[in-house]
Structure formats: C-alpha cells, structure tokens
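Given next are the chains, with one letter for each unit.
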Amino acid sequence: MIIKNDKGTYFLERNYRDAWQEQAFIDKYIEECYDKYPYLVGDIASGILRLKGFNSDPKGPDFVGNVDDYLETSCAIGCAYYLLKRIKPEEIDKYQNKETITTSDIHITPLQKVSFDKEQLVLESNPKKKANIVLNIERVNSIPKPIVSADILEFIKEDKQASSKENSFRRNEIKEEKKEENVTTYVSGSADFDPSKKKDFGKNNFNRNKNINNNNNNNNKNQNNQNNNRNQNNNNNKQNQNNQNNKNKFNKNNNNNKNQNNK
C-alpha cells in the first residue's frame, strides 16, 4: 500500500491490527525529527500514537533490523503498530504490486506441560573429591624479566659504577663540610680564659644572673613595703589630726553655750 501526503511518499510494509491512521500520523509527524529517517514505526497504546525512526545502517543502534526487538522491549505487548518505508516518486511503480503485511511477525511459543513418572526420577550422588589446584605464589607474583642485549647490560653496568663513584664523592664532600662546620674558635683578652671550661662558665653566668635578678626582686619588694608603711602612717596622722580638730570644735561650742546660759 502506497501512501502520499504532505509528509512524503511511503510504502506501508506492516499494518498490524489496522494501526494505520493517516490523520493521526500527520498530526504526530515533526519534520525536524523524522525527515532524516528512511523508516518509521508507529505504535499505539491506550489510544496514543508514538513514532520512532530507523535507518538502514546495520552498525547503528537504530537499524531497521532491530524493529522486532524494539516492539518487544519498548512497546506494550500485542499493541497495534505499523512500519512505513520512505520511497522516491520514481520508485512508486516498483512498490505498486507489493502487499502490506497485516499480521504480526512476533510469535510467542506457548508453554507445554510434560508429564513424567516421579518413581523413575533417580538422584545419583558422586563422592566428594579434594580439589587438585595448586598455586605457586612466587610464580604468580613474579615479574617476567625482559631479554636485554649484552651492549645494554654493559652500558647499565658502567652507569651504575659512575653513579656509585659520584655518590661516594658527594658523601666525602658532605663529611668535609660537616668537619669544617664543627670547628670553633675562641678569642678572649683574659689570660685566665680556658675554652674547655665554656660550659661551666655558661652555668656560672646563668647562676650569677639568677642571683642578681633575685636581689633586684627583693629590693623592689622592700621598697614597696616601705612605701606602703609610709602611706599608712600618713593616713593615720591625718585621721588623728581630724579627730583632734573635731574635738576642739565640740569643746568650743560647749563653752559658748555655757557662757550664754550664765548671762
């Protein structure tokens, strides 16, 4: 069956369960999506049409030979569908006499029950045997040694010797530098200065500084105590003087009162 409409010229190769509806196809067709495909499959489930494009590339995922797999995995079971092939106007005569397939190519073989006699069912047991598997760990973890020519081996040997000489030379240089760093000189204008007593001299200096600090702290404490005592004495004197002044005022007032009474 040849179909002509605004969307192109097609040959209806399959039409299972009368799925073909031209108006639904025109409404669903989108030129930007389906013009590039030479084959179109339309499947209907729950009254909704869905289109899927396929091509003739056997290596691609959308190969037309995978239409049956697509119907089985991505469509409803037993759904109505059709397959369209895009043809050119000059190929119309070629497909004029071809017939459209109206039955499904997907056949599900029904299961058949097979009767058997339970008494004839015999279970045979085999004696257990130890597994005869031996793994050589050294061989498994070993790294195969490559075959190296004699010239390369000689070069490697010379390189190792040269590197060992260079390393020994560097170690000697480092030792000499360390020896030079350990040398210390002492200069003093005192005739009694002895470098061997440097540690004791340092300890004596530390003790002397410690004693000086202690003496300074004690002096500061004594001075602070003297200042506190002076301040306290001054405060006491002021308080006594204030008390004496108050007492004098009180006596003076009493005398004045007595004189007034006598008058």
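Residues numbered from 1 in each chain as written. Predicted model: local features only at pLDDT ≥ 70, side-chain atom pairs only at ≥ 80, totals over all residues. Heavy atoms only, no water.

Peer 1: Would you take a moment to explain the sheet that holds strand E3 (residues 39-45) for this structure?
Peer 2: Each strand in a sheet pairs with its neighbour through backbone hydrogen bonds, running either in the same direction (parallel) or in the opposite one (antiparallel). Pairing is antiparallel across the open sheet formed by five strands, whose spatial order is E1-E2-E5-E3-E4. The sheet is open, and its two edges are formed by strand E1 (2-5) and strand E4 (48-54), each paired on a single side. Taken pair by pair, the neighbouring strands of this sheet meet at an average axis angle of 30 degrees, ignoring direction. Of the pairings in the sheet, the one linking E3 to strand E5 (residues 80-86) comprises six bridges and is antiparallel in character. Bridge pairing in E5 places Leu40 opposite Leu84. (Pairing = 2+ DSSP bridges. Helix = DSSP H or I, 4+ residues; strand = E, 2+ residues; numbered from the N terminus. Axes fitted to C-alpha atoms, helices over the stretch in contact; angles between N-to-C directions.)

Peer 1: When you look at the pattern of salt bridges in this model, what are you seeing that I'm missing?
Peer 2: It is possible for side chains of opposite charge to pair when their charged atoms get near one another. Going through the model one piece at a time under the given rule, you end up with four salt bridges. Put simply, Lys7 and Glu31 hold a salt bridge, and the shortest N to O gap is 2.6 Å. Here Lys7 is found in the loop between E1 and strand E2 (8-16), whereas its partner Glu31 is found in helix H2 (residues 31-34), with 24 residues between them in sequence. Its relative accessible area of 35% is what places Glu31 among the partly exposed residues. Its salt-bridge partner being Arg14, residue Asp68 comes within 3.0 Å of it at the nearest N-O pair. Taken together, the residues Asp68 in helix H3 (residues 67-74) and Arg14 in strand E2 connect sequence positions 54 residues apart. Take Asp68: its relative accessible area is 27%, and that puts it in the partly exposed class. Residue Arg14 is classed as buried on the basis of its relative accessible area, which comes to 14%. (Salt bridge = Lys/Arg side-chain N within 4 Å of Asp/Glu carboxyl O. Buried < 20%, exposed > 50% of the residue type's maximum accessible area, 1.4 Å probe, protein only.)

Peer 1: I'm lost on the pairing of E4 in this one. Help?
Peer 2: Regular strands have side chains that alternate between both faces of the sheet. Relative to E4, E3 is paired through seven bridges, and the arrangement is antiparallel. Paired with Ile44 across the strands is Leu49, a residue of E4. Hairpin geometry of E3 and E4 is characterised by an intervening segment of two residues between the two adjacent antiparallel strands and by a positive phi of about 60 degrees at Ser46.

Peer 1: Explanation requested: unusual backbone geometry in the structure shown.
Peer 2: The phi torsion of most residues other than glycine is negative, and most of the peptide bonds are trans. At Arg17, a residue that is not glycine, the phi angle is positive and equals roughly 60 degrees. Tracing the backbone shows Arg17 in the loop between E2 and helix H1 (22-28). We note that Asp18 has phi near 50 degrees; this positive angle belongs to a residue other than glycine. Looking at where Asp18 falls in the secondary structure, it is placed in the loop between E2 and H1.

Peer 1: It is not clear to me how the nonpolar core should be interpreted in this structure. Could you clarify?
Peer 2: General note: in soluble globular proteins, nonpolar side chains tend to be found buried as a group. Ranked by internal contacts, the top residues of the largest apolar core, which has 15 residues, are Trp20, Phe25, Leu40, Tyr82 and Leu84. The element best represented in this core is E5, accounting for three residues. Setting aside its immediate chain neighbours within four residues, Phe25 contacts Asn5, Lys7, Tyr10, Trp20, Leu40, Leu49, Leu51, Tyr82 and Leu84. If you look at the next biggest cluster of nonpolar residues, it comprises 10 residues, including Val41, Val67, Tyr70 and Cys75. (Core = buried A, V, L, I, M, F, W, Y, C linked by side-chain atoms within 4.5 Å. Contact = heavy atoms within 4.5 Å.)

Peer 1: Help me understand the packing of aromatic side chains in this model?
Peer 2: Here a ring pair, both rings aromatic, is described through the centre-centre distance and the interplanar angle of the planes. What the rule picks out here adds up to eight aromatic pairs. Both rings, one in Trp20 and one in Phe25, keep their centres 5.3 Å apart while their planes meet at 45 degrees; by these two values the pair is tilted. Taking relative accessible area as the criterion, Trp20 reaches 14% and is therefore assigned buried. Phe25 gets classed as buried once you look at its relative accessible area, which sits at 0%. Here the aromatic rings of Phe25 and Tyr29 are separated by 5.5 Å at their centres, their planes lie at 55 degrees, and the arrangement is tilted. Here a set of aromatic residues connected by ring pairs shows up, and it is made of Tyr10, Trp20, Phe25, Tyr29, Tyr34 and Tyr82. Over the aromatic face of Phe54 sits the side chain of Lys52, whose NZ or CZ is 5.9 Å from the ring centroid. (Phe/Tyr/Trp six-rings, centres within 6.5 Å; stacked < 30°, edge-to-face > 60°. Lys NZ or Arg CZ within 6 Å of the ring centre and 35° of its normal.)

Peer 1: How should the state of the cysteines be read in this particular structure?
Peer 2: What makes a disulfide is a covalent bond joining the sulfur atoms belonging to two cysteines. Summed over the entire model, instances satisfying the criterion amount to zero disulfides. Take Cys79: it sits in no disulfide, and the sulfur closest to it among the cysteines is that of Cys75, at 4.8 Å. Owing to a relative accessible area of 10%, Cys79 belongs among the buried residues under this scheme. (Disulfide = S-S within 2.5 Å.)

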